[in-house]
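The lines below spell out each chain.
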Amino acid sequence: MRSSILTIVCLTCIGGTLTTARAQNAAVPDPVQTMVGRLDLEKYKATVKGLTQFGDRRQGTDRNRAAVDWIEAQLKSYGCPTDRIKYVYDPPPAAGRGRGRGNTGLAVGGGRPRGDRIPTGVNTDPMKQPDERLRALNMQPTTPGPREMVYCTKVGTTHPEEMYIVGGHMDGHGWGEAANDDGSGTALVMELARVFSAPDVQTERTIRFALWNNEETGTQGARAYIDQRQALQGRENPAGSGKYPEPKWLGMIQHDMMMFDHGMPLPDGTMRKEQRAEADVNIEFQSNSKMAAESQKLAWVLEAANEKYATDYPAAVGPHMTNTDSGPFQDLIPAISLRENERGVQIGNGWDPQWHQPTDVFATYNDKDFRLGLNAAQTTLGAVAGLTGATIKK
Ligand SMILES: [Zn+2]
């Protein structure tokens, strides 16, 4: 009570000064803050929900292809011009593949696991999905063959020949709705495409919003993108047109599983029911990569943007990025990933019990979970707006 009385007194005595300061702030509003303010929890949730209508969006199925079409329609409706990458996926024999700790005792990505662990894996049993409608939706099996993925582009005004790539993977598996893995990252990328594509937003440099397919089978969508487009970087085409179909890659920022940070498993193998109060956005680079120094630098740009623009949850930087679409880029350009937890030592230790399971459905999550995803969106939007020189036209 006392502090509020003091505040009132203080406000009265320096009211003139405050008014002046406010007038100055109004004269130079932070355009990035305005853009971050255009993100919204309900819009983010609605986009995640929209993605869940296609079940687990497993690659090589009609539900995956329908999801690509739906995503493209959304991006177009935001005013973000789209294009597609086409490639063929013929999976290798299943034997001998697996993810987990090697004989070093370290997690994938190189971190050292600690604390209580619960098993992880990919559900392949339809009968573990109790919702009959969803089970039927997910029933069509994957078949080898042609694949497509969609991206859209915000073209820079003064440096259209350079760009940042903002990515998430739109495929999933496990007989759920892939709401978190990776509906949450896909929705984040789509929401950023919406904000940056507003008619009054201008960026000096280009931004490409990429929704990778085939992440869950080994990042084949991202690899196809690199194979087909790496050599085209920075070329004006047609000559003299001012158009750059593939701007030079300045960095790749990936988003994969953005919502669930309930802490480590409890000793009895269960999880806390609510988002932990200390939940954070994990920004990872790979210390064992050619571009480690540049990637770490990019990671800290996002950390600083989180401090400035994220409303609820902080960010933490770590060196063990792994198993995501930024991996194929990590020896070529600065590459980082954002997640709800560290991929190796935390997700790998069972910190997300919905991971690749029938329980990864929209109804599993509450607003505290969705809000972590929104905070990751605020983080990346703030960072990319700064990196690309974003402004709002008067
Ligand atoms: Zn994922």
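Here, every reference points to the structure presented above.
Here we summarise the structure given alongside this text. On a predicted model such as this, the values are computed, not experimentally measured, just so you know.

A few points about the overall build of the protein chain
Each helix and strand counted, the protein chain has 10 helices and 10 strands in total. For the protein chain, the C-alpha radius of gyration of 22 Å lies close to 21 Å, the compact-globule estimate for 394 residues. Classification of the 394 residues of the protein chain by burial places 54% in the buried group. Put simply, of all contacts in the protein chain between residues at least 6 apart along the chain, 81% involve residues at least 24 apart. For the protein chain, the distance from the average position of its 44 positive side-chain charges to the average position of its 47 negative side-chain charges is 2 Å.

Concerning the sheet that holds strand β9 (residues 335-339)
The strand order across the open sheet built from 8 strands is β1-β2-β5-β3-β6-β9-β7-β8, with neighbouring strands paired in mixed fashion. Taken across any chain shown, the strands that pair with only one partner, and hence form the sheet edges, are β1 (82-89) and β8 (315-318). On average, each strand axis in the sheet is tilted by 25° relative to the strand beside it, whichever way the strands run. Strand direction decides the pairing type here: β1 and strand β2 (residues 145-154), joined by 8 bridges, are antiparallel. Bridge assignment links K86 to a residue of β2, and that residue is E148. Across the sheet, helix α8 (residues 220-229) touches β1, β2, β3 (159-169), β5 (205-212) and β6 (248-255), and the angle it forms with β1 is around 105°.

Here's the deal with the side chain of T52
Mapped onto the elements, T52 comes out in helix α4 (residues 41-52). In this structure, T52 is in contact with R57, E177, A179 and F362, ignoring residues within four places of it in sequence.

Section: the coordination of the zinc ion
Distances from the zinc ion to its protein donors, namely H169 (NE2), D181 (OD), D256 (OD) and D256 (OD), fall within the range 2.0 to 2.7 Å. Considered as a linear motif, the donors of the zinc ion on their single chain read H-x11-D-x74-D. Of the two residues, H169 sits in strand β3 while D256 sits in the loop between β6 and β7 (281-284), which places them 87 residues apart along the sequence. Considered together, H169 and D256 belong to a single accessibility category, that of buried residues.

Topic: the state of the cysteines
Applying the stated criterion across every chain yields a total of 1 disulfide. In this model, C80 is linked to C152 through a disulfide, with the two sulfur atoms separated by 2.2 Å. With the S-S bond torsion at 90°, the cross-link from C80 to C152 turns out right-handed. A residue pair is termed long-range when its members are at least 10 positions apart, and C80 in the loop between α5 (62-77) and β1 and C152 in strand β2 qualify at 72 residues. Among the residues examined, C80 registers a relative accessible area of 1% and is labelled buried. Residue classification places C152 among the buried residues on the basis of a relative accessible area of 0%.

Some points on the packing of aromatic side chains
The tally for this structure, following the rule as stated, stands at 10 aromatic pairs. When the centroid spacing of 5.0 Å and the interplanar angle of 40° are considered together, the rings of F362 and F370 count as tilted. What makes F362 buried here is its relative accessible area of 17%. Taken together, the ring pairs connect Y151, W212, Y225, W249 and F329 into an aromatic cluster.

Let's talk about the pattern of salt bridges
Going through the model one piece at a time under the given rule, you end up with 17 salt bridges. With its nearest N and O atoms 2.7 Å apart, the salt bridge here joins R84 to E72. Taken together, the residues R84 in strand β1 and E72 in helix α5 connect sequence positions 12 residues apart. For R84, a relative accessible area of 22% corresponds to the partly exposed category. Classification of E72 as buried rests on a relative accessible area of 12%. Among the salt bridges present, the one from R133 reaches E177, with a minimum N-O distance of 3.8 Å. Placement of the pair is R133 in helix α6 (residues 132-137) and E177 in the loop between β3 and α7 (179-196), with a sequence separation of 44 residues. One network of salt bridges, with partners in common, ties together D69, E72, R84 and E148.

Considerations on the packing of α5 against α7
In a packed pair of helices, the relevant descriptors are the angle between the two axes and the axis-to-axis distance. At a minimum axis separation of 9 Å, α5 and α7 run at an interaxial angle of 25°. Classified by the angle their axes make, α5 and α7 are roughly parallel. In this structure, the crossing between α5 and α7 has a hand that is right-handed. Along the contact surface, α5 presents W70, I71, Q74 and L75, while α7 presents T186, M190 and A193.

What about the pairing of β6?
With 6 of 8 residues buried, β6 is to be regarded as a mostly interior element. As paired strands, β3 and β6 are joined by 7 bridges and run parallel to one another. Residue pairing across strands places I165 opposite M252, the latter belonging to β6. Where β6 and β9 come together, 4 bridges link them in parallel fashion. Within β9, the residue paired with Q254 across the bridge is S337.

Quick look at the nonpolar core
Core analysis: the largest hydrophobic core is formed by 66 residues, its most contacted members being F196 and F209. Excluding its chain neighbours within four sequence positions, the residues that come into contact with F209 are C80, V150, Y151, C152, K154, V166, V189, L192, A193 and F196. In this structure, Y87, I165, I226 and M252 belong to the second largest nonpolar core, which totals 18 residues.

Thresholds applied
- Residues numbered from 1 in each chain as written.
- Predicted model: local features only at pLDDT ≥ 70, side-chain atom pairs only at ≥ 80, totals over all residues.
- Heavy atoms only, no water.
- Helix = DSSP H or I, 4+ residues; strand = E, 2+ residues; numbered from the N terminus.
- Rg over C-alpha atoms; globule rule 2.2 N^0.38 Å.
- Buried < 20%, exposed > 50% of the residue type's maximum accessible area, 1.4 Å probe, protein only.
- Contact = heavy atoms within 4.5 Å.
- Lys, Arg positive; Asp, Glu negative; His and termini not counted.
- Charge placed at Lys NZ, Arg CZ, Asp CG, Glu CD.
- Pairing = 2+ DSSP bridges.
- Axes fitted to C-alpha atoms, helices over the stretch in contact; angles between N-to-C directions.
- Donors = N, O, S within 2.8 Å, 3.2 Å for Na, K, Ca; no water.
- Disulfide = S-S within 2.5 Å.
- Phe/Tyr/Trp six-rings, centres within 6.5 Å; stacked < 30°, edge-to-face > 60°.
- Salt bridge = Lys/Arg side-chain N within 4 Å of Asp/Glu carboxyl O.
- Parallel < 35°, antiparallel > 145°, perpendicular 65-115°, else oblique.
- Left-handed = near helix turned anticlockwise from the far one by under 90°.
- Core = buried A, V, L, I, M, F, W, Y, C linked by side-chain atoms within 4.5 Å.

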